[in-house]
Amino acid sequence: MIQDLTTGDSGKVLFRYTIPMFISVAFQQVYNIADSMIAGRFAGEDALAAVGASYPVTMIFMAVAIGCNIGCSVVISQLFGAKQYRQLKTAVSTVLIVGSMLSVLLTLVGLLTTPSMMRVIQTPDNIFRDGVLYLRIYIGGFVFLFLYNVVTGMFNSLGDSRTSLYFLIGSSLGNILLDLLFVAVFEWGVAGVAWATFIAQGVACILVLIIFRIRLKEIDTAAEAVLDWDKEQRPVRFSAAMFCKIALVAVPSILQQSFVSVGNIFIQSLVNSYGSDVIAGYSAAIKLNTFVITGFTTLGNGVSGFTAQNLGAGQIQRIREGFYAGIKLAVGVAVCFSALYFFPGRMMMQLFLKNTEGTAMQAGFLFLRIVAPFYVVVSLKLVADGVLRGVEAMRYFMISTFTDLILRVILAYFLSYRFASTGIWMSWPVGWSVATILSLCFYRKVVGRIENRA
């Protein structure tokens, strides 16, 4: 259901808008965790390590999809808030045309360079073959993954976060069932994990495109009530000017996401140097950590959509209201997960690992105990980043994110000489803390400037 975010109590509106988005990403992460959990439980620690070793490479491809998602969502939210429906439909078709071509190109490049990418991150020989196999199947379905993420971003930009939720629930449950069938029953190992994701994502992509086409008819109806929309005034399918407008937000977002992914490759390469046991422990722990961070990012995306719609509608005072409402939601979630991972973290790790006393368990559990207390800190950053994206202050957004990543990578290498793999884990809190201070300062500066101009 399409929703106007520019009216009503800001806190309640943002809550109703972002909670389905948060539940959506929770289900998305559940099936990502299920991949690793089923691989570790039914195919062994080497299979878990193979899936985990390829994770930073998969995130490079995800970075493009997420960047395009952010770019089109911010622009479409602003156009929807301003009731510029003709331009909105042009933006939609432009994104789909460019996105389809870009995703096909990246798929071809990825399939040709998979072994090289796995060598670059120093994947151990005992898991190299399975890692390459998993990555090739994953990249083969990238077109589905890309279009699915972009279209769900469009749903969210129109205030419709529930449709994305329904699709993610169905896709996640389907992925888990296919994982169990292919890995536990057919014993396909790593290939079964990859094919389960490929099929579930492909079906979800096709269905979400069909439903979005139907939703656009609601835009037609609204437009006819506002505009004298005859055949000569129909929106064009592709606009170079609109592409440039979207690119101003999307390209920095893609670069930021890609930079994060490349940084994670450096960290994964460092982790890989400690052997498959540490890789397996890190792979399990990083899945649990990603579950939380992606949740905060989703809340930040909700704040972006809320901010962009209200900026487009000229409701400037609601931007700050949305920020404080987002902070309350994010901190509440952060406190819960900090307690869950810090105290019974070993129990959470047992979802992935059979050996409760091995090196893998010790490495993963220590990672959780070091980073979990700082979830409140990083949650503040990601909500502030949401506002910065919503008002298109991409330079500030990139500076804070790059600062976090650069610090983490440099400190991971520096501290690992003294504390081995534990030093890698210690770099997370430092990067998060410094970047959070920057994001909050940038938020205050940018929003104050917008309010003074209003």
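This part covers the pattern of salt bridges. Applying the stated rule across the entire model yields 4 salt bridges. For E451, the salt bridge goes to R320, with nearest N and O atoms at 2.9 Å. Of the two residues, E451 is situated in helix α15 (residues 421-453) and R320 in helix α10 (residues 317-342); the sequence distance between them amounts to 131 residues. Since its relative accessible area comes to 24%, R320 is described here as partly exposed. For K381, the salt bridge goes to D385, with nearest N and O atoms at 2.5 Å. Remark: D385 and K381 occur in helix α13 (residues 375-390); sequence separation between them is 4 residues, near one turn of the helix. The pair formed by K381 and D385 is uniform in burial state, with each residue classed as buried.

On the surface, R395, K445, R449 and R453 cluster together into a patch of positive charge. Summarising the element assignment, K445 is placed in helix α15. Taking relative accessible area as the criterion, K445 reaches 43% and is therefore assigned partly exposed.

This next bit is on helix α9 (residues 276-313). A rise of 1.5 Å per residue sets the reference length of α9, with its 38 residues, at 56 Å; its end C-alpha atoms lie 53 Å apart and thus fit the reference within 8%. With 32 of its 38 residues buried, α9 lies for the most part within the structure. Phi turns positive, to about 80°, at G314, one or two residues after α9.

Another aspect to go through is the side chain of T123. Relative to the elements of secondary structure, T123 occurs in the loop between α3 (85-120) and α4 (125-140). The class for T123 is buried, based on a relative accessible area of 5%. Within polar-contact distance, the side chain of T123 engages the backbone oxygen of M118 at 2.7 Å.

Moving on to helix α14 (residues 394-419). Here α14 is 26 residues long and its end C-alpha atoms lie 36 Å apart, about the 38 Å a rise of 1.5 Å per residue gives. Where α14 bends most, the angle comes to about 25°, and this point is A412. At the C-terminal side of α14, A420 shows a positive phi close to 60°.

Turning next to the side chain of S77. In this fold, S77 is placed in helix α2 (residues 45-81). On the basis of relative accessibility, which here comes to 1%, the residue S77 falls in the buried class. Apart from residues no more than four positions distant in its own chain, S77 is found in contact with S157, G305, A308 and Q309.

Viewed as axis vectors pointing N to C, α9 and α10 meet at an angle of 170°, and their least axial separation amounts to 10 Å. Here α10 runs roughly antiparallel to α9, going by the angle between their axes. Taken together, the residues of α10 that come into contact with α9 (itself represented by L288, N289, F291, V292, F296, L299, V303, F306, T307, N310 and L311) are R318, I319, G322, G326, L329, A330, V333, A334, F337 and Y341. Each residue belonging to the contact of α9 with α10 can be placed in one class, and the counts come to 15 nonpolar, 5 polar and 1 charged.

Calculation rules
Residues numbered from 1 in each chain as written. Predicted model: local features only at pLDDT ≥ 70, side-chain atom pairs only at ≥ 80, totals over all residues. Heavy atoms only, no water. Salt bridge = Lys/Arg side-chain N within 4 Å of Asp/Glu carboxyl O. Helix = DSSP H or I, 4+ residues; strand = E, 2+ residues; numbered from the N terminus. Buried < 20%, exposed > 50% of the residue type's maximum accessible area, 1.4 Å probe, protein only. Patch = residues over 30% accessible without salt bridge, like charges linked within 9 Å, V, L, I, M, F, W, Y side chains within 5 Å. Areas by Shrake-Rupley, 256 points an atom, 1.4 Å probe, with all protein chains shown as cover. Lys, Arg positive; Asp, Glu negative; His and termini not counted. Charge placed at Lys NZ, Arg CZ, Asp CG, Glu CD. Expected span 1.5 Å × (residues − 1). Polar contact = N/O pair within 3.5 Å; in protein donor to acceptor, adjacent residues only side chain to side chain. Bend = angle between axes of the 7 residues up to and from the residue. Contact = heavy atoms within 4.5 Å. Axes fitted to C-alpha atoms, helices over the stretch in contact; angles between N-to-C directions. Parallel < 35°, antiparallel > 145°, perpendicular 65-115°, else oblique. Nonpolar A, V, L, I, M, F, W, Y, C, P; charged D, E, K, R; others polar.

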